[in-house]
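# Commentary on secondary and tertiary structure
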Amino acid sequence: RDPVGETIEGWVRPNGLEIRKVRVPLGTVFFIYESRPNVTVDAAAICVKSGNAVILRGGKEAIHSSLALVRMINQVAAKYSIPDGAVQLVDTTDRAVVGHFLQLSHFIDVVIPRGGRELIERVTREAQMPVIKHFDGNCHVYVDATADLMMAEQVVINSKCQRMGVCNACESLLIHRSLSHHFLPRIAQQLLHHGIEIRGDSEVCRLVPEAVPGSEQDWAAEYLGPVISICIVDNLQAAIDHINRYGSHHTDAIVTRDLNSARQFQLQIDSSAVIVNASTRFNDGGQLGLGAEIGISTDKLHARGPCGLRELTTYKYLIVGNGHTRS
């Protein structure tokens with residue numbers, strides 16, 4: 001549903017002044033991505049549907065596909081009275097051009113970078129307008145002492161192996177110490193069967209001969225491939241502390257049969273999505289019933305989690321009086 005013009009809330013003051021809080025577009029979005037050419041179409045559609053203009057800057061590997069797609073988009077847009085220039089594509093792969101656009105705060109209202117850490121750090125450092133960051137996805141699954149182990153195995157394997165090169169795939173597995181001798185070898189063999197390299201702490205390496213020693217860098221890594229870090233933790237609080245220290249505030253999950261543990265985990269984990277007894281892969285606009293998304297934000301402002309139509313809007317107050325004056 002088109003969010004533009006939606007009344008978020010409204011009320012009438014005791015003096016008769018009518019107030020409505022209404023959704024409006026952000027304006028012009030500069031979207032930088034190092035991704036598949038289908039993202040060109042997705043981003044253009046979401047921005048236009050939410051009433052925004054968009055300047056697309058895709059990766060050099062797909063420049064010719066993106067150029068062709070934007071030509072087709074604009075041909076169709078003209079038939080439906082969408083303003084000329086609502087969808088534009090930067091037609092050069094020169095990296096210096098990005099820096100130029102990041103200075104145009106009079107013309108661009110928000111920039112959304114979607115790509116590697118180097119890109120996002122550069123945009124955050126140079127942009128003269130607000131940035132909605134789609135940062136690393138170092139997502140965790142914590143298997144609690146009371147977990148249903150068959151469920152835990154299914155959640156871990158799906159979170160890691162269903163699709164590895166995406167931001168909501170599991171990169172780090174935490175296991176309660178009481179499960180180290182029977183669940184750890186079991187899940188390790190499943191991961192190894194799927195071709196996953198295990199980088200573990202000292203206890204993991206002792207119990208799983210195929211594991212290699214991990215490091216501080218591994219606990220914080222987004223691998224986007226067939227590698228996972230595994231650590232043994234003493235209790236729920238240790239798992240929470242580990243995730244909040246090394247995680248990227250994207251998606252973290254707990255497998256548990258203890259309602260209090262589930263509540264504590266969801267309350268204390270500082271991430272855009274905190275999941276109980278389900279795969280990290282569900283932090284996705286379509287899977288959450290939110291529709292298409294332009295990415296998943298790890299920010300707290302202005303949007304957090306899947307960024308769809310509503311997240312590409314802001315609001316303003318519409319106030320109607322009848323000659324009201326303030327005394």
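To be clear, the structure that these remarks concern was listed above.
In this report, we go over the structure that sits alongside the text. (Residues numbered from 1 in each chain as written. Predicted model: local features only at pLDDT ≥ 70, side-chain atom pairs only at ≥ 80, totals over all residues. Heavy atoms only, no water.)

## Focus: the layout of surface pockets
The line we're drawing: Cavities and pockets were defined on a 1 Å grid built from protein atoms only: a cavity is a group of points that admits a 1.4 Å probe but offers it no way out, a pocket is an open group of points flanked by protein on both sides within 12 Å along at least five of seven lines, and a lining residue is one with an atom within 4 Å of any such point. Grid points are joined across faces, edges and corners, and a volume is the space filled by probe spheres set on the points. Think of it this way: any DSSP run of H or I at least four residues long counts as a helix, any run of E at least two long counts as a strand, and we number them from the N terminus. Any residue outside Ala, Val, Leu, Ile, Met, Phe, Trp, Tyr, Cys, Pro, Asp, Glu, Lys and Arg is labelled polar, Gly included; the first ten of those are nonpolar and the last four are charged.
Reported here for the largest pocket is a volume of approximately 840 Å³. If you trace the largest pocket, you find 31 residues lining it, with R36, R114, G165, V166 and C167 closest to the centre. Tallying contributions element by element places helix α1 (residues 38-49) first for the lining of the largest pocket, with 3 residues. Taken together, the residues of the lining of the largest pocket break down into 8 nonpolar, 12 polar and 11 charged. Roughly 300 Å³ of internal volume is contained in the second largest pocket. Elements with a minimum of two residues in the lining of the second largest pocket: β3 (28-33) and α4 (117-126). Per element, the largest residue contribution to the lining of the second largest pocket is 3 residues, and it comes from α4.

## Things to note about the environment of I319
For clarity, the cut-off: We call two residues in contact when some of their heavy atoms are within 4.5 Å.
Mapped onto the fold, I319 is located in strand β16 (residues 313-320). A C-alpha to C-alpha distance of 66 Å links I319 and L207, two positions 112 residues apart in sequence. Apart from residues no more than four positions distant in its own chain, I319 is found in contact with L17, E18 and I19.

## Some points on the packing of aromatic side chains
The description of an aromatic ring pair rests on the distance of the ring centres and on the angle between the ring planes. Put simply, the rule is: Paired rings are identified among Phe, Tyr and Trp, the last through its six-membered ring, by centres lying within 6.5 Å, and are further divided according to the angle between planes into stacked (under 30 degrees), edge-to-face (over 60) and tilted (the rest). For the exposure calls, accessible area comes from a 1.4 Å probe over protein chains only, and a residue counts as buried if that area is under 20% of its type's maximum, exposed if over 50%, partly exposed in between. Distance and angle both matter: a charge sits over a ring if NZ of Lys or CZ of Arg is within 6 Å of the ring centre and within 35 degrees of the ring normal.
In total, this model carries 5 aromatic pairs according to the counting rule given. Centre to centre, the rings of F30 and F101 are 5.0 Å apart; their planes meet at 25°, and the pair counts as stacked. Remark: F101 occurs in helix α3 (residues 96-101) and F30 occurs in strand β3; sequence separation between them is 71 residues. Ring centres of F31 and Y33 lie 5.0 Å apart, and the angle between their planes is 20°; on these two criteria the pair is classed as stacked. For the pair formed by F31 and Y33, the shared burial category is buried. Members of the aromatic cluster, connected to one another through ring pairs, are W11, Y315 and Y317. For K21, the ring lying beneath its charged end belongs to Y315, and the centroid distance is 4.2 Å.

## A word on helix α10 (residues 259-268)
The following threshold applies: The directions from the helix axis to the C-beta atoms are what the arc is built from. Under this definition, polar contacts are N or O atom pairs within 3.5 Å; protein pairs additionally need one hydrogen-donor-capable and one acceptor-capable atom, and for neighbouring residues in sequence, both atoms have to be side-chain atoms.
When α10 is considered as a whole, its buried residues turn out to be S261, A262 and F265. In an axial view of α10, the angular spread of the buried residues amounts to 100°, which keeps them on one side of the axis. Away from its buried face, by an angle of more than 90 degrees, α10 presents the exposed residues L259, N260, R263 and L267. Contacts made by the buried residues of α10 are with β7 (139-143), α9 (236-246), β12 (251-255) and β13 (273-276). Measuring from the backbone nitrogen of N260 back to the side-chain oxygen at the start of α10 gives 2.8 Å, which picks out D258 as the cap.

## Topic: the sheet that holds strand β9 (residues 197-200)
As a reminder of what qualifies: Should DSSP find at least two bridges between two strands, the strands are regarded as paired. Axis geometry follows a simple rule: fit a line to the C-alpha atoms, using only the stretch in contact for helices, then measure angles between N-to-C directions, giving values from 0 to 180 degrees.
The strand order across the open sheet built from 7 strands is β10-β9-β11-β8-β7-β12-β13, with neighbouring strands paired in parallel fashion. Here the strands that pair on one side only, and so sit at the sheet edges, are β10 (212-213) and β13. In this structure, β9 lies alongside β10, joined through 2 bridges in parallel fashion. Bridge pairing in β10 links R199 to V212. Where helix α6 (residues 183-193) meets the sheet, its contacts fall on β7, β8 (170-176), β9 and β11 (227-233), and the angle it forms with β8 comes to roughly 160°.

## Topic: a nonpolar patch on the surface
What counts is decided by this rule: To count toward a patch, a residue needs a relative accessible area over 30% and no salt bridge; like charges are then connected within 9 Å, while nonpolar side chains (Val, Leu, Ile, Met, Phe, Trp, Tyr) are connected within 5 Å. To be clear on the numbers: accessible area is Shrake-Rupley with a 1.4 Å probe, and residue cover counts the displayed protein chains and nothing else. Here, a salt bridge means any Lys or Arg side-chain nitrogen found within 4 Å of an Asp or Glu carboxyl oxygen.
Taken together, the side chains of I8, W11, Y315, Y317 and I319 present a nonpolar region at the surface, about 490 Å² in accessible area. Secondary structure elements with two or more residues in the nonpolar patch: β1 (7-12) and β16. With 3 residues, β16 is the largest single contributor of residues to the nonpolar patch.

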